[in-house]
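Here's the letter readout for the chains.
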Amino acid sequence: MDLDDSKAEIAGPIELVADLSEIAAQCAASNLLDFAAQLAGLAEDLKALAARPIEPVPTLTGRRSAEAGFSSITLKIEPSRQ
């Protein structure tokens with residue numbers, strides 16, 4: 001039996017539940033902060049992407065594109081490089 005086990009036996013179930021609730025709340029808060037940071041990064045990427053012009057990129061032309069039903073240009077959107 002290690003020190004934590006002996007504390008658990010002495011503490012009683014109510015104190016253990018309070019400790020577990022506190023740990024769960026801290027984990028949830030940490031996860032929310034991580035998620036918020038990811039969303040902020042995504043927002044920055046979207047802002048940078050919105051600031052860039054959309055340039056047409058030539059693709060298949062002539063008979064092959066007409067047969068396949070493709071238009072002669074497509075839009076190329078690249079992720080931001082930060």
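Asker: Would you mind going over the overall build of the chain with me for this structure?
Answerer: The secondary structure content of the chain amounts to 3 helices and 2 strands. Its helices and strands taken in sequence order, the chain reads α-α-β-α-β from the N to the C terminus. As displayed, the chain has an accessible area near 7200 Å², and 63% of this comes from carbon and sulfur atoms.

Asker: Can you walk me through the pattern of salt bridges in this structure?
Answerer: Side chains that differ in sign of charge can pair as their charged atoms come close. Counted under the stated rule, the structure contains 1 salt bridge. Notably, a salt bridge pairs Lys 47 with Glu 44, separated by 3.5 Å at the nearest N-O pair. With a gap of 3 residues between them, Lys 47 and Glu 44 both fall in helix α2 (residues 13–51), about one helical turn apart. Of the residues examined, Glu 44 reaches a relative accessible area of 38% and is grouped as partly exposed.

Asker: Is there a simple way to explain the confidence of the model for the chain in this structure?
Answerer: Parts of the prediction with low pLDDT should not have their coordinates interpreted in detail. Mean pLDDT over the chain works out to 77, with 61% of the residues at or above the 70 mark. Looking over the chain, one finds the lowest element-wise mean pLDDT in helix α3 (residues 63–68), namely 55, and the highest in α2, namely 90.

Cut-offs used in this document
Residues numbered from 1 in each chain as written. Predicted model: local features only at pLDDT ≥ 70, side-chain atom pairs only at ≥ 80, totals over all residues. Heavy atoms only, no water. Helix = DSSP H or I, 4+ residues; strand = E, 2+ residues; numbered from the N terminus. Areas by Shrake-Rupley, 256 points an atom, 1.4 Å probe, with all protein chains shown as cover. Salt bridge = Lys/Arg side-chain N within 4 Å of Asp/Glu carboxyl O. Buried < 20%, exposed > 50% of the residue type's maximum accessible area, 1.4 Å probe, protein only. pLDDT = per-residue confidence, 0-100.

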